Amino acid sequence: MAQNSKRIVLIGLDGMPYQLIRDLAENGVMPHTKSLIKSGVFKQMESSIPEISSVAWSSIITGGNPGQHGIFGFTDVPIHTYRLSFPNFNDLLMPPFWKHKGSGRSVIINVPFTYPAARLNGVLIAGFVALDLRRAVYPTSLLPVLDEMGYRIDVDANKAHQSIDLFLKDLDRTLQARIRAYRYLWDKEDWRTFMLVFTGTDRLAHFLWHAYEDKQHKHHAAFLNHLHQIDEIIGEITQKMDETDALIMLSDHGFERLENDVQINFFLSQEGFLRFKRTPPQSLADIDYGTTAFALEPARIYLNLEGKYPRGSVKPENKKSILNKLEAGLKSLEINGKKVIERICRKEEIYEGPQLDRAPDLVLLSSKGFNLKSGLKATRLFEKDIFTGKHSQKDAFLLINKPATDIIQERPSVYDIVGIMNKLRNKR
Ligand SMILES: [Zn+2]
């Protein structure tokens, strides 16, 4: 990389919808964001399919789609097994941008799905899912400093099941520690790329979306306050940036109100596509002969193909008719007269690359308000638990602090970020 290429700062707000950040910028909760919107480019952005953090952030940092980078969800089922596996950063098959030749020194803080931390030219503190802080940090010499700061990777979501007040306290403690870490590394490191992701935004939206929508709700102010604090940091960062530095702000997916959880494996077994050796099944290993399809979270459907899975029963010549039958069934799924599934994506439509064989055959996108899940032990098709917000695919956001309309797609997606970064670096 040329010495005179520009430095880039990325600020990620996990799960922040385009519409919400626009509203909060307008109504005074996020004034620094408002001035960035005014002087830069601000767009609605498409997430990955499925619209979950592991897939979306892997796409953001590599510029590849799941057929290329190989991350299809938080879980996977290796071919020839019914074993549920939990992929991590070691399974990412494309290099993140900070490994690109000549990318210079990078500071990467709290990007989801970068655990365990791997060596790089710079510093990395992994985001969730990270089981052990000692394996989440590179170089490990940073650990005592982070300990001193009370650094933590994620808010303890179990707290929300006990009490929302405890959860909010924990959310704030996690944010403050993250802020201390960013300030320290901003000054200490001579970086070319600085990336900082806030993930409390996603947790807040899962548990308190209803409190945002209801101005009278006792936690409404707390919801706004968390985002106001993040906006203060955005203001602080833009103050510290050099005139020539480029800033990219973005989210990995959007959010909307959750009305109902819908259990896809329950539907598949009800309709005769999925059979278990015992009820309730203990794991995928209980899948029985005669199964034609099963699903992994959130709504990835795999055909139980002969030769691909141990008790596979779908012959290649029957693949098409099973897919058609599945699609017809899923299309007719309704609750209170509302269609549950908005779009059924066949893998060839949404993925390409050498990992296509490992991809789910269908990925479902829900209609507004329906939260698709694929647990094995569900006893009802429709349920409702503690969450009041759910991910949405079409309304992530992208904000760039330069009037750089020439380098940004009319409808950008998470797959475009690496390309945009490269153009920003070399823009005069
Ligand atoms: Zn989430």
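Throughout what follows, the structure given in this document is the object of discussion. Keep in mind the model is a prediction, meaning the values are calculated, not measured.

What counts as what
- Residues numbered from 1 in each chain as written.
- Predicted model: local features only at pLDDT ≥ 70, side-chain atom pairs only at ≥ 80, totals over all residues.
- Heavy atoms only, no water.
- Helix = DSSP H or I, 4+ residues; strand = E, 2+ residues; numbered from the N terminus.
- Buried < 20%, exposed > 50% of the residue type's maximum accessible area, 1.4 Å probe, protein only.
- Contact = heavy atoms within 4.5 Å.
- Areas by Shrake-Rupley, 256 points an atom, 1.4 Å probe, with all protein chains shown as cover.
- Lys, Arg positive; Asp, Glu negative; His and termini not counted.
- Charge placed at Lys NZ, Arg CZ, Asp CG, Glu CD.
- Pairing = 2+ DSSP bridges.
- Axes fitted to C-alpha atoms, helices over the stretch in contact; angles between N-to-C directions.
- Phe/Tyr/Trp six-rings, centres within 6.5 Å; stacked < 30°, edge-to-face > 60°.
- Donors = N, O, S within 2.8 Å, 3.2 Å for Na, K, Ca; no water.
- Tetrahedral: all angles 85-135°; square planar, octahedral: opposite > 155°, others 65-115°.
- Parallel < 35°, antiparallel > 145°, perpendicular 65-115°, else oblique.
- Left-handed = near helix turned anticlockwise from the far one by under 90°.
- Salt bridge = Lys/Arg side-chain N within 4 Å of Asp/Glu carboxyl O.

## Focus: the overall build of the chain
Okay, so step 1: Of the regular secondary structure elements, the chain holds 13 helices and 19 strands.
Okay, so step 2: Viewed in the frame of its principal axes, the chain has a C-alpha envelope of about 65 × 50 × 45 Å.
Okay, so step 3: In the chain, which comprises 428 residues, the proportion classed as buried is 58%.
Okay, so step 4: Residue pairs in contact within the chain that sit at least 24 positions apart in sequence constitute 68% of those at least 6 positions apart.
Okay, so step 5: As presented, the chain carries roughly 18,000 Å² of accessible surface, and 49% of it is formed by carbon and sulfur atoms.
Okay, so step 6: In the chain, the 57 positive side-chain charges and the 51 negative ones have mean positions that sit 3 Å from each other.

## Let's talk about the sheet that holds strand β7 (residues 246-250)
To summarise the sheet geometry, strands pair through backbone hydrogen bonds and adopt either a parallel or an antiparallel arrangement.
Okay, so step 1: Reading across from one edge, β2-β19-β7-β1-β6-β3-β4-β5 is the order of the 8 strands in this open sheet, with mixed pairing throughout. Among the strands making up the open sheet, the edge pair consists of β2 (41-45) and β5 (137-138).
Okay, so step 2: In the sheet, strand β3 (residues 106-111) pairs with strand β6 (residues 193-198) via 4 bridges, with the strands oriented parallel. Its bridge partner lying in β6, valine 107 is registered against phenylalanine 194.
Okay, so step 3: On top of the sheet, helix α1 (residues 18-26) reaches β1 (8-13), β2, β7 and β19 (396-400); it is set at about 145 degrees to β2, its chief contact.

## Overview of the packing of aromatic side chains
Okay, so step 1: One pass over the full model with this rule turns up 22 aromatic pairs.
Okay, so step 2: When the ring of tyrosine 182 is compared with that of tryptophan 186, the centres are 6.2 Å apart and the planes differ by 80 degrees; the resulting orientation is edge-to-face. With tyrosine 182 and tryptophan 186 both in helix α7 (residues 164-188) and 4 residues apart, this pair spans about one turn of that helix. Like tryptophan 186, tyrosine 182 is buried.
Okay, so step 3: Ring geometry for tryptophan 209 versus phenylalanine 223: centroids 6.5 Å apart, planes at 80 degrees, classification edge-to-face. On the criterion of sequence distance, the pair formed by tryptophan 209 in helix α8 (residues 200-213) and phenylalanine 223 in helix α9 (residues 220-240) is long-range, its members being 14 residues apart.
Okay, so step 4: Tryptophan 209 gets classed as buried once you look at its relative accessible area, which sits at 6%.

## What to know about the environment of valine 77
Okay, so step 1: Of note, valine 77 is situated in the loop between α4 (66-69) and β3.
Okay, so step 2: Of the residues examined, valine 77 reaches a relative accessible area of 3% and is grouped as buried.
Okay, so step 3: Linking valine 77 and arginine 358, residues 281 residues apart in sequence, is a C-alpha distance of 8.6 Å.
Okay, so step 4: Not counting chain neighbours up to four residues away, the residues in contact with valine 77 comprise Tyr82, Arg83, Ser85, Leu284, Phe294, Leu296, Tyr302 and Tyr309.

## Details of the coordination of the zinc ion
Okay, so step 1: For the zinc ion, the full set of protein donor atoms is Asp202 (OD), Asp202 (OD), His206 (NE2) and His391 (NE2), and the range of their distances to it is 2.0 to 2.5 Å.
Okay, so step 2: One can describe the site at the zinc ion as irregular: its 4 donor atoms subtend angles covering 56 to 150 degrees at the metal.
Okay, so step 3: All donor residues of the zinc ion come from one chain, and their arrangement in sequence is D-x3-H-x184-H. Residue aspartate 202 and its partner histidine 206 are both found in helix α8; the two are separated by 4 residues, about one turn of the helix. Residue aspartate 202 shares its accessibility class with histidine 206, and that shared class is buried.

## A closer look at the packing of α8 against α9
Okay, so step 1: Their axes nearest at 9 Å, the elements α8 and α9 cross at an angle of 150 degrees. Put simply, α8 runs roughly antiparallel to α9. Considering how the two elements wind past one another, α8 and α9 form a crossing that is left-handed. Each of Gly200, Thr201, Leu204, Ala205, Leu208, Ala211 and Tyr212 in α8 lies in contact with α9, whose residues at this interface are His220, Phe223, Leu224, His226, Leu227 and Ile230.

## What about the pattern of salt bridges?
Okay, so step 1: Taken as a whole, this structure holds 28 salt bridges when the rule is applied.
Okay, so step 2: The salt bridge partner of glutamate 327 is arginine 346, with a shortest N-O separation of 2.9 Å. In this pair, glutamate 327 sits in helix α11 (residues 319-331) while arginine 346 sits in strand β14 (residues 341-346), placing the two residues 19 residues apart along the sequence.

## Notes on the sheet that holds strand β9 (residues 260-263)
Okay, so step 1: Taken in spatial order, the 3 strands line up as β16-β9-β17 in an open sheet, and their pairing is mixed. Both outer strands of the open sheet, β16 (370-373) and β17 (382-383), are each paired with one neighbouring strand and no more.
Okay, so step 2: Direction of pairing for β9 relative to β17: antiparallel, over a ladder of 2 bridges. Bridge pairing links valine 262 to phenylalanine 382 in β17.

## Things to note about helix α3 (residues 53-62)
Helical geometry note: an α-helix holds 3.6 residues per turn, so side chains three or four residues apart project in the same direction.
Okay, so step 1: Most of α3 sits out of view: 10 of its 10 residues are buried.
Okay, so step 2: Listed in full, the buried residues belonging to α3 are Ser53, Ser54, Val55, Ala56, Trp57, Ser58, Ser59, Ile60, Ile61 and Thr62.
Okay, so step 3: Where α3 is buried, its residues meet β1, α4, β3, β6, β7 and α13 (417-426).
Okay, so step 4: Residue glycine 63 follows α3 closely and has a positive phi angle near 80 degrees.

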